[in-house]
Amino acid sequence: RDWLEKFRMSKDTFFFICNKLKPKLARQDTHFRLALPLEKRVAVALWRLATNVEYRTISVLFGVGRSTVCKCVRDVCHAIVSLLKPLYLQLPSEHEFEDMARLFNTRWGFPHCVGAIDSLHISII
């Protein structure tokens with residue numbers, strides 16, 4: 001339950017995302033230091049995105065530096081955009097845009113509108 005509250009997704013979904021992001025986020029250990037595990041990097045970034053807590057608080061929670069938190073958030077967000085956006089976010093065709101505009105105009109009286117954004121939280125489980 002605590003996992004769902006903090007990450008706003010199930011553990012299965014978390015590991016699914018980690019697996020999808022692995023090609024961009026995988027790091028190798030060196031002779032000088034061990035790489036931060038992929039799951040920890042994704043967890044740090046998702047914690048920040050889910051809770052909007054300050055970097056210094058997250059650095060204490062996960063035992064990493066503030067600059068590491070910043071880098072994790074940036075790297076994970078870039079990986080999500082480059083790897084997941086093409087799979088899950090696709091622009092509608094011109095015909096679909098026209099259908100959506102017609103629907104908005106007919107149903108709600110908003111001409112030239114093809115969508116609306118609300119502040120509703122949709123759980124990803």
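No experiment lies behind these values; they were computed from the predicted model shown.

About the criteria used
Residues numbered from 1 in each chain as written. Predicted model: local features only at pLDDT ≥ 70, side-chain atom pairs only at ≥ 80, totals over all residues. Heavy atoms only, no water. Helix = DSSP H or I, 4+ residues; strand = E, 2+ residues; numbered from the N terminus. Rg over C-alpha atoms; globule rule 2.2 N^0.38 Å. Buried < 20%, exposed > 50% of the residue type's maximum accessible area, 1.4 Å probe, protein only. Contact = heavy atoms within 4.5 Å. Phe/Tyr/Trp six-rings, centres within 6.5 Å; stacked < 30°, edge-to-face > 60°. Lys NZ or Arg CZ within 6 Å of the ring centre and 35° of its normal. Axes fitted to C-alpha atoms, helices over the stretch in contact; angles between N-to-C directions. Parallel < 35°, antiparallel > 145°, perpendicular 65-115°, else oblique. Nonpolar A, V, L, I, M, F, W, Y, C, P; charged D, E, K, R; others polar. Core = buried A, V, L, I, M, F, W, Y, C linked by side-chain atoms within 4.5 Å.

Peer 1: Hey, could you go over the overall build of the protein for me, with residue numbers and the actual values?
Peer 2: The secondary structure content of the protein amounts to six helices and zero strands. Listing each helix as α and each strand as β along the protein from the N terminus yields α-α-α-α-α-α. Computed over the C-alpha atoms, the radius of gyration of the protein is 19 Å, more than 25% above the 14 Å expected from 2.2 N^0.38 for a compact globule of 125 residues. Projected onto its principal axes, the C-alpha positions of the protein cover 65 × 30 × 25 Å. For the protein, the residues scored as buried account for 25% of the 125 residues in total. Counting only contacts in the protein whose residues sit at least 6 apart along the sequence, the fraction spanning at least 24 positions is 53%.

Peer 1: Tell me what's going on with the packing of aromatic side chains, and back it up with residues and numbers.
Peer 2: Considering all chains together, one arrives at seven aromatic pairs under this definition. Taking the centre distance of 5.3 Å and the plane angle of 85° together, the rings of W3 and F14 count as edge-to-face. Here the residue W3 occupies a position in helix α1 (residues 2-7), and F14 occupies one in helix α2 (residues 11-25), the gap between them amounting to 11 residues. Given the relative accessible area of 2%, F14 is considered buried. Judged by centre distance (5.1 Å) and plane angle (50°), the ring pair of F104 and W108 falls under tilted. Within this pair, F104 and its partner W108 are both found in helix α6 (residues 94-108), separated by four residues, close to a single helical turn. The ring of W3 has K11 lying over it, and the distance from NZ or CZ to the ring centre is 5.3 Å.

Peer 1: Can you tell me about the packing of helix α4 (residues 55-62) against helix α5 (residues 66-88), naming the residues and giving the values?
Peer 2: When two helices pack together, you describe them by how their axes are tilted relative to each other and by the distance separating the axes. Between α4 and α5, the shortest axis-to-axis distance is 8 Å and the interhelical angle comes to 100°. In this view, α4 runs roughly perpendicular relative to α5, as classed from their interaxial angle. Contact residues: α4 offers Y55, R56, I58 and S59, while α5 offers R66, V69, C70 and V73. Among the residues making up the contact of α4 with α5, the classes are represented as five nonpolar, one polar and two charged.

Peer 1: How would you sum up the nonpolar core? Please name residues and give values.
Peer 2: The biggest cluster of nonpolar side chains holds 23 residues, and the ones touching the most others in it are F7, F14, L21, L25, V42 and F62. Breaking this core down by element, the ones donating at least two residues are α2, α3 (38-51), α4 and α5. Among the elements that make up this core, the one with the highest residue count is α3 (seven residues). With near-sequence residues (within four places) excluded, F14 lies in contact with W3, M9, E39, V42, A43 and L46.

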